[in-house]
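One letter stands for each residue in the lines below.
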Amino acid sequence: MKKFIQGPYGTGKTTLALQYLQDYFADGNLAHQLLILVPQRTLGRVYQQVLSQLQYPNTASVEVITFSGLAQRAIERFWPLLHEQVGFATGKPPIFLTIETAQYHIAQFVDDVVVTGRFDSVSVARARLIAQSLDNLAKAAINRFSLEEVAERLSSAWGGHSSRLEVYDAWLSVAERFRQYCLQHNLLDFSLQIEVFTQYAMAHPLVQETLRQRYRHLIAENLEENSPVVFDFLQWMLPELDSALLLFDQGAGFRLFLGAEPNLAYQLQEACDEVITLSESYVQSPPLRALEQAVIAAFDGVTPEELIANPTDAFVYELHAFYPQMLEWAVDEILRLVQSGVAPSEIVVIAPFLNDALRFAVMSRLEDAGVPIASHRPSRAIREEPSARAMLTLMQLVNPYEAVLPPPEDVANALTVLLPDLDPVRASLLTELVYGIGRKELGSFDDIQPIMQARITYTVGERYELLRQWLLEQREYVSQTPPDHFLRRLFGDMVAQPGFALQTDFDAATAISQMVESAFEFRRSLYPEGTTDWAVVWQEYRELVTEGLLAATYVPSWQKELANTVFIAPAYTYLMRNRPATYQFWLDVGSPAWGERLEQPLTNPYVVRREYPIGELWTDEHEMASNYAALRKLVLGLIRRCRQRIYLGVADLGEQGFEQRGPLLYLFQQILNLNTEVKES
Amino acid sequence: MSETPFKFRSQQWEIINYSRGMMGVSAVPGSGKTFTLSHLAAQLVQRITERNFKNEREVLIVTFTNSAVNSFKARIAKILKEERGLLPYTGYRVRTLHGLAHDIVRERPGLVGLSEDFNIVDERTSQRIQSEAISAQWPRWAEKMKWYFDSELNDQQQQNVLRRDLPQALEMMIPQFISRCKANRITPAQLLKWVKNTDEDWILIRFAAAVYDDYQRSLMYRGAVDFDDLVHFAILALESEEKYLERLRQKWPYILEDEAQDSSRLQEEMLNLLANGRNWVRVGDTNQAINTTFTTADPSFLRRFLAREDVIERQLTTSGRSAPKIIHLANELLRWTIHEHPVQYLREQTFYEIYIQPTEPGDAQQNPDDALANIYIQPTDSAYTPEEEIDQVVSSLVRWYKDERNRVKTVAVLVPENSRGYQVAERLRSLDIEFEELLRSTSDTRQTAKILMLVLDYLTDPRRGRKLANLYRYVWLDWITRHEIEDDDEHPSMRLMRIVQRHQQLETLLWPVVGSWQDELRIDDMDVFWIEDFERFLVMVKRWLEATILPIDQLILTIGGDIFREPTDIALTYKIAAVLKGIGRDNPSYRLVQFTEELRRISNNERRFLGFDDSQEGYEPTPGKVTISTMHAAKGLEWDRVYLMSVNNYSFPSALNNETYIGERWFLRDQLNLEAEIIAQLEAAQSGTFKQYKLGDASQQSRVEVAAERLRLLYVGITRARSELIITWNMGRYWDKGGQHVKQAALPLYHLCEVVDNVR
């Protein structure tokens, strides 16, 4: 039996799926024949948890996987059948690129084009040019467009100044050269992984046979968040399956910028035996349901029909002149809620964008007040973590190949981070004494005057000497040691040992292990065969990290979310967590960024879609219509995930000091006016 | 139209009742322009209130300065709320030209090739990039520049000029040049193509074009725009997407433009596009156009607008600001210039013939009484040296200051340039006379940055007792705890400060290994309150020191969070944190020392940024205190007594032969003005009229333009005074060299002295 279950968020779709899971095992089905397909890994967590609690054998062999995970696995397995046909230069094992390493490789081709001036009509920072170039490649793959078609779509939709056409053309040459380079070096970025899987692997009878034999049952969670190639795959799979459960969240499809196509997903119901529609919310209170009604009416430009409650009871708001005042207010309200007995996990804080400063300000104030808070990511990228920076400083210090030594401030900071009991004042003194003017390496503690030794303290001196000796020894081996090996050793053999500051610092350890991972990926994709002198690679790696091309991502902190914490996240990230909350704080309601797409001059997520007609001009009307559609989805998605009340924080001037007059503000104003009118009448 | 309510004059009421079409308003100084415009805006807001959030419409008000934006915003909000019962702060948008351009670009950055997170470089960064581009290009061009030199220069002088004077001059010229290119919407590629094969007298522009090209490429790499790009890009966005333009036209059905005499070519172009011949009200006083030199701002835009057939012209000629005597003097300056000035261009181009009228009896704002009013102009035959002029003005101020009756009055010293203001400030400081400077702005931004700088200054050098002592005194005592401490050396806090200042081992105070910091300082006899207070200070400093390993923005937020309580200060801290983070991104090698330097620049007003630049609602003079300001910065303000200084024929030339001009450099031939020449070359290149360009013509033309603007500046100066006006002048810095170095009284003073004598 294949079922298509649809309904808005909170109507019990996932609950039905979990019941299906129970029944699946109760009926004696085999675990490894079940495929649970999720659009992103976090959405699979609920299934993994339930599976781990079920009292049946082998539940761990149920595959909970994303489409690209499935693709990667198939490519690895069938590589010998595929590599030649695709055009890879050798049969050596494939190297899957992460976003970081893909950015690194494509950067050279972007730079080549930048110097020719072909990108001159756009003012986009290098990192953005790189990211957008990859984004177009990904869009090509998930829609099964050729690279030429992507360029053609973008060009024919562009109605502005003709100089932009040259930019799209330039992108095409970057993409083609990058693609050739990947083929020559057995590299597979995301786009190539999808292309190889959908166009080659899936066309191969052996692969088809294997997949059909392996998977007999399917649960597809949040179907609407998937991209067209996933639907192609499901269309192909469904007729052969013994059972399937497709879950479709009406009104969602938030990942449009990543290729989500809810309309195509909806069409899959035709391949199912039964369509079940759920409509009653198990989450929202009556005022929130009324608010939902009022919002829908506002978007449709009609007067709402009889409301089940007063929508203005569903939210409170406060206007502030300045942005930090708004944050202060939100923090105070959260503290009040927690003090009144609300569990922190019942509270979420949402903003259209969450920059580091905002995250830092809110999190540090709540933490100071003893309220646990977690974010989808911390407020600092790995490379900005003090512990990771300390490692980089030591790396630079040890490497004889480096022409420039780290500045004393960096050395003092590194010592403060790594040596316990060393305060910043003593660190500054110690650095001046052992790394003063004219020195090219760290001097010995034993060589400084006893009076100074006493000031720094002997305990610190002893540990400093241990670290220094170890670093001295490493100098000899730099040329023979890959950078990730050095970082791993520095951490494992030295700074995580008893007597050093990181021994008990779990967060620092996580950041460093992420950095080691990034160094490893860098080496694996760039120097799979090794090299004669690693010292050069050390420097290259360190510089790329400093420029922000590597280790610019964040330490995943999803484990923390599960605990009883206030959760702070950008709106879309929160929506994709599928986690309702009793109280939602919406910050920066006046910001125009709610519902607005990210502007990417090299691409356009709406145009590079199957359903967008080639040749149709993309105008401001399209832009506004899509912005309002996105805003509608976003606002309704949030309201449906709220049980009790929404707190709206409004600041007249945004963080940068600009007045904020976004559409969300006007939407709520209209709802407030409506209420006044009702009362007056 | 209903009957005029008491608080409005009939001229004002007529404007407030405007309903549609193009309207131009000429307003004389003190005629209640802001007041009238605010009421008009409120009236229109009520008219356009919409019920569907997707079609939200706004009255768009464009003005010239950030402080005017804040002032308008607050005034309109007040009227909406108190007089019209509407929600304040909605239904209208007040912007500077750059603010508006930012709104337009920010909403659709992709239209002009920007990402949504595009970066706006501030003036300081922009200058730095330009400086780098000049240095990179200079070696290729230096020798060729000799063509412009005065033939009298010897080899040594030539070398010095090439090494020092000319690069300095170019650094001042290039920003104006690039700005003009952008105002004329010329790209580096176009310019390079036009000037490629020109003769040697076009060397200057060829050099500048190369610098412009480097500069623009450098901005592109950063994904950044400068302030000028913002305006140019906004127009480009409107032009390139018809439907976007149409939507904005619907959104802003009414456009009110304040200070329209300062409107630049691009501003006019942008508003013209948005208004589309519908509802556009332009208000200004062409007689107060004082921002025209080497910019594209031109009062003739407003004059032409007023002359259009489809424009209704209104006037606000009644002013209750000054005593009739002073009004008469200002009117006389205008009349004399238009009818009697010896230079024809100045007679025709300086002023628009509109005279200030005193108020009618019964007016809500009566003019100050003439009987109490006074005007003094230093006689044209009685010359002072610059020093003597300051002596005279300061001794007059001292008399005024000591008179108790003046405690409730306001007074200002207005000077043509900042440097002169500093000299006056120094003298007043030595005499303990309270004053406020409008020279370097003392706004909140500066103050907030200064406090943060003091903290960072210590954190960069944490073993320096003197810096910790400064932190204790100026941040902890003066700013955080705000203890009121008498100036007493024996006070415990002063004692603590001295001990810290001399302390050699600060680690024993902050992180003592054995004992406590009190043991270290031997202060057993001290009042426990001060010991505990100091303990709290140390805890805070430790927290900051530990935070130095954080990224700069997070460090600044941590410090700001501990220090500031006022919402404005906290908001500025956020802004500064974001600015420093941006600077750090552009300069990965920056550490605390460099960030401290950047904060110093912000606090000295050397680095300005868009948004929050001046969060105040404008300056209000404090009674009993002296304001020192440039005449430019004084626009829009008024004082009971005003001193106008340095009104000689150098600061206020009249385009006569015996004068010398700022901008004409000693080492150049034929009294060339490079700024003027290069802009003339640019205009010629753009219009393809290379042959019509003649070296030197532009320099001559710039003299009359400067003279015209300076006459208007004098008019602005005079109309700042309510009751008393004192005008003085001096012989110039080089008076002792004799000959043409000795400056005379500015030409108009000869006539104004007679006017004053006749009145007497």
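Residues numbered from 1 in each chain as written. Chains lettered and ligands numbered in written order. Predicted model: local features only at pLDDT ≥ 70, side-chain atom pairs only at ≥ 80, totals over all residues.

Caption draft 1: Spatial organisation of the domain arrangement of chain B. If you check the domain split of chain B, you get domain 1 (10-109 + 229-317), domain 2 (122-221), domain 3 (382-441 + 631-750) and domain 4 (444-603). Inter-centroid distance (C-alpha atoms) of domain 3 of chain B to domain 4 of chain B is 41 Å. (Domains from an automatic or database assignment.)

Caption draft 2: A look at the nonpolar core. Within the largest apolar cluster, 384 residues are counted, with the highest numbers of intra-cluster contacts made by I350 of chain A together with A41, A234 and V455 of chain B. Those residues in contact with V455 of chain B, other than ones at most four positions away along the chain, are L471, V475, W544 and I559 of chain B. Within the second largest apolar cluster, 37 residues are counted, among which are L170, W194, L682 and A684 of chain B. (Core = buried A, V, L, I, M, F, W, Y, C linked by C-beta atoms within 7 Å. Buried ≥ 20, exposed ≤ 12 C-beta atoms within 10 Å, placed from the backbone. Contact = placed C-beta atoms within 7 Å.)

Caption draft 3: Spotlight on helix α11 (residues 265-275) of chain B. All names here are of chain B. Counting buried positions over the 11 residues of α11 gives 8, a clear majority of the element. Within α11 the residues assigned to the buried category are L266, Q267, E268, E269, M270, L271, L274 and A275. A positive backbone phi angle near 50° is found at N276, which sits one or two residues after α11. (Helix = DSSP H or I, 4+ residues; strand = E, 2+ residues; numbered from the N terminus.)

Caption draft 4: Here's a closer look at the sheet that holds strand β7 (residues 280-284) of chain B. Residue and element names in this part refer to chain B. As summarised here, the arrangement of the 6 strands in space is β3-β2-β6-β7-β1-β8, forming an open sheet in which the pairing is parallel. Each edge of the open sheet carries a strand with a single partner, namely β3 (92-96) and β8 (311-316). Across the sheet, the mean angle from the axis of one strand to that of its neighbour is 15°, orientation sign disregarded. Bridging between strand β6 (residues 254-257) and β7 involves 3 bridges; their strand directions are parallel. Each bridged residue has a counterpart across the sheet, and for I255 the counterpart in β7 is W280. With respect to the sheet, helix α2 (residues 33-48) is in contact with β1 (22-27), β2 (59-63), β3, β6, β7 and β8, its orientation differing from that of β2 by roughly 160°. (Pairing = 2+ DSSP bridges. Axes fitted to C-alpha atoms, helices over the stretch in contact; angles between N-to-C directions.)

Caption draft 5: Quick peek at the interface of chain B and chain A. With 58 residues of chain B at the contact, the number on the chain A side is 62 residues. Counting only elements with at least two residues in the side of chain B that touches chain A, the list comes to α4 (97-107), α8 (203-221), β5 (224-225), α10 (242-251), α20 (507-510), α22 (528-547), α23 (552-563) and α24 (567-586) of chain B. With 8 residues, the single largest contributor to the side of chain B that touches chain A is α24 of chain B. Residue composition of the side of chain B that touches chain A, by class: 30 nonpolar, 13 polar and 15 charged. (Nonpolar A, V, L, I, M, F, W, Y, C, P; charged D, E, K, R; others polar.)

Caption draft 6: Structural context of the sheet that holds strand β14 (residues 721-727) of chain B. All names here are of chain B. Spatially, 6 strands are ordered β9-β14-β13-β10-β12-β11 in an open sheet, and the strand pairing comes out parallel. Every interior strand has two partners, whereas the edge strands, β9 (374-377) and β11 (435-437), have only one. Recorded for the sheet is a direction-independent mean angle of 20° between the axes of neighbouring strands.

Caption draft 7: Quick peek at the environment of L419 of chain A. Residues and elements named next belong to chain A. Its location among the elements puts L419 in the loop between α16 (408-418) and α17 (424-434). With 207 residues separating them in the primary sequence, L419 and S626 have C-alpha atoms 54 Å apart. Those residues in contact with L419, other than ones at most four positions away along the chain, are V460, R463, Y464, F500 and A501.

Caption draft 8: Region of the structure containing the domain arrangement of chain A. All names here are of chain A. Assigned domains of chain A: these are domain 1 (2-65 + 216-277), domain 2 (94-193), domain 3 (288-377 + 559-680) and domain 4 (382-547). On a C-alpha basis, the centroid separation for the pair domain 2 and domain 3 is 33 Å. Counting residues per element, the side of domain 2 that touches domain 3 draws most heavily on helix α5 (residues 126-143), at 7 residues. Its residues assigned to classes, the side of domain 2 that touches domain 3 shows 8 nonpolar, 6 polar and 4 charged.

Caption draft 9: Broad picture of unusual backbone geometry. Phi at N578 of chain A takes a positive value of approximately 50°, unusual for a residue other than glycine. When you line up the elements, N578 of chain A lands in the loop between α24 (571-575) and β13 (581-586). Phi is positive for D432 of chain B, close to 60°, though the residue is something other than glycine. As for its placement among the helices and strands, D432 of chain B is situated in the loop between α16 (418-430) and β11.

Caption draft 10: Molecular detail of the pairing of strand β12 (residues 626-630) of chain B. Residue and element names in this part refer to chain B. Counting buried positions along β12 gives 4 out of 5 residues, so the element sits mostly inside the fold. Across 5 bridges, the pairing between strand β10 (residues 411-415) and β12 is parallel. Looking at the pairing, V413 lines up with I628 of β12. Two strands pair when backbone bridges link them, and β11 and β12 are joined in this way by 3 bridges, in the parallel orientation. Its bridge partner being in β12, E437 is matched across the sheet by I628.

Caption draft 11: The arrangement of the packing of helix α15 (residues 386-398) of chain A against helix α22 (residues 534-547) of chain A in detail. Residues and elements named next belong to chain A. Orientation of α15 relative to α22, taken along the N-to-C sense of each, is 145°, at an axis distance of 10 Å. Seen from above, α15 lies across α22 with left-handed handedness. In contact with L392, M395 and Q396 of α15, α22 contributes W538, R542 and V545. Here the contact of α15 with α22 is built from residues that sort into 4 nonpolar, 1 polar and 1 charged. (Left-handed = near helix turned anticlockwise from the far one by under 90°.)

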